[in-house]
Amino acid sequence: IHSSSVMKLSAESGSGNVIRSFRPGELRLVEQTFKSHVILSASEIIQDWKPAAFPVLSIADFEPAIALGPEIILFGTGKQQKFPDNALMIEIMRQGIAFEVMDTAAACRTFNVLISEFREVVAALLV
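What comes next concerns the included structure. The model shown is predicted, which means the values in this text are computed figures rather than measured ones. Here the residue numbers are simple positions, counted from 1 along each chain's written sequence. Thresholds applied to this predicted model are a pLDDT of at least 70 for local features of residues and 80 or more for the giving and counting of side-chain atom pairs; totals over whole chains, interfaces and linings are not thresholded and use all residues. Excluded from the side-chain calculations are hydrogens and water; all other atoms, namely the structure's heavy atoms, are used.

Description of the sheet that holds strand S5 (residues 38-40)
Strand pairing within a sheet occurs via backbone hydrogen bonds; the two strands may be parallel or antiparallel. For the record, the criterion: Two strands are said to pair when DSSP picks up at least two bridges between them. Numbering goes from the N terminus for both helices and strands, where a helix is a DSSP run of H or I of at least four residues and a strand is a run of E of at least two. We call two residues contacting when some pair of their heavy atoms lies within 4.5 Å. For helices, the axis comes from a line fit to the C-alpha atoms of the stretch in contact; other axes are also lines fit to C-alpha atoms, and the angle between any two N-to-C directions lies between 0 and 180 degrees.
The five strands are arranged S6-S5-S9-S7-S8 in an open sheet whose pairing can be described as mixed. The two strands at the open ends of the sheet, each matched to only one other strand, are strand S6 (45-46) and strand S8 (98-102). Of the strand pairs in this sheet, strand S7 (residues 72-76) and strand S9 (residues 121-125) are connected by five bridges, and their pairing is parallel. Bridge pairing in S9 places leucine 74 opposite alanine 123. Across the sheet, helix H1 (residues 59-66) lies against S5, S6, S7, S8 and S9, angled at about 125 degrees from S7, the strand it touches most.

Structure, rendered in structure tokens:
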């Protein structure tokens, strides 16, 4: 997929917020489009998420996602997979929450699969 194309996602038979498509700068759900960073669960949308710059991401940046009580947080890091500081990932996992890091397109696909399985998943997506 080159940067100008849109990744369309097949509708899964889950409930709640299903991601229909993603391209850098734009994330589409069924009835909403987002052009800024967002946190999603099957039933919640936290718009205009403003995490710190990548080198200084902290647990505070992920508190809105953690507050949703997920079993797993998918962190979509934009066009390319980039890992935050290990201490941050360990701090989240110490709370009993799995933390997966992937590019945002992969995080969108994984989110749809997990909500179709009725898993308690939250996606923190850099759009």
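Looking at the packing of aromatic side chains
Both the distance between ring centres and the angle between the ring planes are used here to describe each pair of aromatic rings. Rules: In this scheme Phe, Tyr and Trp rings, the latter by its six-membered ring, pair at centre separations within 6.5 Å, and the angle between planes marks the pair as stacked below 30 degrees, edge-to-face above 60, and tilted otherwise. The classification of residues rests on relative accessible area computed with a 1.4 Å probe and restricted to protein chains. Under 20% of the type maximum is buried, over 50% is exposed, and intermediate values are partly exposed.
Inspection of the entire model under this criterion finds six aromatic pairs. When the centroid spacing of 5.0 Å and the interplanar angle of 90 degrees are considered together, the rings of phenylalanine 62 and phenylalanine 75 count as edge-to-face. Taken together, the residues span a long stretch of sequence, with phenylalanine 62 in helix H1 and phenylalanine 75 in strand S7 at a distance of 13 residues. Here phenylalanine 75 falls in the buried class, since its relative accessible area comes to 0%. Relative to phenylalanine 99, the ring of phenylalanine 75 has its centre 6.0 Å away and its plane inclined at 35 degrees; by these criteria the two rings are tilted. One end of the pair, phenylalanine 75, is in strand S7; the other, phenylalanine 99, is in strand S8, and 24 residues separate them in sequence. On the basis of relative accessible area, phenylalanine 99 is assigned to the buried category, the value being 6%.

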